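Fold and contact review
These are the residues of each chain, in order.
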Amino acid sequence: MKLKSIAIIATIALSLSGCKTELEKFSSNYSLEISNPKSVYTQNDEIKISLIDDAGIGMDSIKWYRNAQLLKEVSGSTLSRKLANEPLGNITYKARIYKDGKITAATTQVTQYSNKQPNMIKTLVTNRFPHLTEAYTQGLEFYGDSLYESTGQYRESDLRITNPTTGEVIKKIELPANEFAEGMTILNNKIYQLTWRSNKGYVYDLNLNKLDEFRYNESKEGWGLTNDGKHLLKSDGSAKIWRIDPNTYEELGYIEVTSNDRRIDKINELEFVNGKIYCNVYQNDLIMVVNPENGAVESFINVKDLRNEIPNWDKDNNVLNGIAYRNETGKFYVTGKRWNTLFEIELQ
């Protein structure tokens, strides 16, 4: 009986091995070919990408994706794009192929930079307010007269409501000791908060009562978070800013933050103001103004002078991280990790 069982197991293993081989043949059969390959493209270029069926297996249907976003208007084996209408950075195109119940994919990538050099914007400090140095600031956002703040570090992470004038904590909720909180935003009277490497985020009501939690998909880490009034916008530590459905939590695609000569990674805290994304780079003194449609950096805001007022500032720890905009004043409010000051600034 025992030998018979072993024989059955061996037969099953051979069968599975055979299936795997067929699947591998199917998966390696397809590739993507660009008609005019270049190392870097410009926004004046056009590209044509063809799906190559090397073994003539055929296909039942195809879905095309750009930066994880489904291109609903394309269904054939050829994709033609004007790069002036495409996002910047490393653009990943993927064809998902369906045949006889099997699914595989082929991908390719092109790179393009912005055709405009960003300008520099100066700032004027118009006020200073106390900020608790216990707060390892990760996210900052106004809602009415209250300032909501997400603070990080293991065993210290929380979500809090503060008085922006005094810095006093009005209410807070702590996260589990093994979770490191990151960015937060408020959309449709719900607070969304990220964690760094726990691969999940939380949803609260405006009184900090937990309503739900969600998982990340392709964006593996949580860094900054904001919203454009319709979708969540999430950074993950790379150059990418993801667009996320606030109800289903589905990742709908991304842009890459790109200047006229490079992609800019370590995108951190985010704030959406008047149709633009304001974001800072981790361990950097610049805030960038980014076009949410294509990722182009349109302006740099230099706030280096602010950290000269911070007594415990150092480039590895107590860095700029916290951008909020207040409609009532029309001004920005910035702080950093364990900074003792919340700066009210006016863009010049």
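Residues numbered from 1 in each chain as written. Predicted model: local features only at pLDDT ≥ 70, side-chain atom pairs only at ≥ 80, totals over all residues. Heavy atoms only, no water.

1. Regarding the sheet that holds strand E19 (residues 232–235)
- In space, the four strands of this open sheet follow the order E18-E19-E20-E21, with antiparallel pairing throughout. The two strands at the open ends of the sheet, each matched to only one other strand, are strand E18 (225–227) and strand E21 (251–256). Going across the sheet, the axis of each strand differs from the next one's by a mean of 25 degrees, ignoring polarity.
- Of the strand pairs in this sheet, E18 and E19 are connected by three bridges, and their pairing is antiparallel. Following the sheet pairing, Asn 227 is matched in E19 by Leu 232. (Pairing = 2+ DSSP bridges. Helix = DSSP H or I, 4+ residues; strand = E, 2+ residues; numbered from the N terminus. Axes fitted to C-alpha atoms, helices over the stretch in contact; angles between N-to-C directions.)

2. Focus on the pattern of salt bridges
- As enumerated under the stated definition, the model contains 21 salt bridges in all.
- Glu 73 is the salt-bridge partner of Arg 81, the closest N and O atoms lying 3.1 Å from each other.
- A salt bridge links Glu 213 to Lys 200, with the shortest nitrogen-to-oxygen separation between them at 3.9 Å. Here Lys 200 lies in strand E16 (residues 200–204) and Glu 213 lies in strand E17 (residues 210–215), a separation of 13 residues in the sequence.
- Accessibility expressed as a relative area gives 33% for Glu 213, which makes it partly exposed. (Salt bridge = Lys/Arg side-chain N within 4 Å of Asp/Glu carboxyl O. Buried < 20%, exposed > 50% of the residue type's maximum accessible area, 1.4 Å probe, protein only.)

3. Details of the side chain of His 131
- Structurally, His 131 can be placed in the loop between strand E9 (123–130) and strand E10 (137–143).
- Polar side-chain contacts of His 131 include one of 3.5 Å to the side chain of Thr 335.
- With residues near it in sequence (within four places) discarded, His 131 still touches Thr 137, Glu 149, Thr 335, Gly 336, Trp 339, Asn 340, Thr 341 and Leu 342. (Polar contact = N/O pair within 3.5 Å; in protein donor to acceptor, adjacent residues only side chain to side chain. Contact = heavy atoms within 4.5 Å.)

4. Regarding the sheet that holds strand E13 (residues 169–174)
- Pairing within the open sheet is antiparallel, and its four strands lie in the order E10-E11-E12-E13. Two strands in the sheet have a free side with no partner beyond their single neighbour: E10 and E13. Going across the sheet, the axis of each strand differs from the next one's by a mean of 15 degrees, ignoring polarity.
- For strand E11 (residues 146–151) and strand E12 (residues 158–162), the ladder comprises five bridges, and the chain directions are antiparallel. Note on E12: the bridge partner recorded for Leu 147 is Thr 162.

5. Here we look at the nonpolar core
- Ile 49, Leu 51, Trp 64 and Tyr 93 are the most contacted members of the largest nonpolar core, which has 19 residues in total.
- Of all the secondary-structure elements, those providing two or more residues to this core are strand E1 (30–34), strand E2 (46–53), strand E3 (61–66), strand E6 (89–99) and strand E7 (102–112).
- Listed in part, the 17 residues of the second largest apolar core include Ile 121, Phe 332, Trp 339 and Ile 345. (Core = buried A, V, L, I, M, F, W, Y, C linked by side-chain atoms within 4.5 Å.)

6. Describing unusual backbone geometry
- Positive phi, close to 70 degrees, is recorded for Ala 68, a residue that is not glycine.
- On the secondary structure map, Ala 68 appears in the loop between E3 and strand E4 (69–70).
- One non-glycine residue, Gln 283, adopts positive backbone phi at about 65 degrees.
- Residue position: Gln 283 is located in the loop between strand E23 (276–281) and strand E24 (286–290).
- With a relative accessible area of 33%, Gln 283 lands in the partly exposed category.

7. Observations concerning the environment of Val 125
- Note on placement: Val 125 falls in strand E9.
- By relative accessible area, Val 125 is classed as partly exposed at 24%.
- In sequence terms Val 125 and Lys 331 are 206 residues apart; their C-alpha atoms lie 10.0 Å from each other.
- Residue contacts for Val 125: discarding those within four places in its chain leaves Leu 306, Phe 343, Glu 344 and Ile 345.

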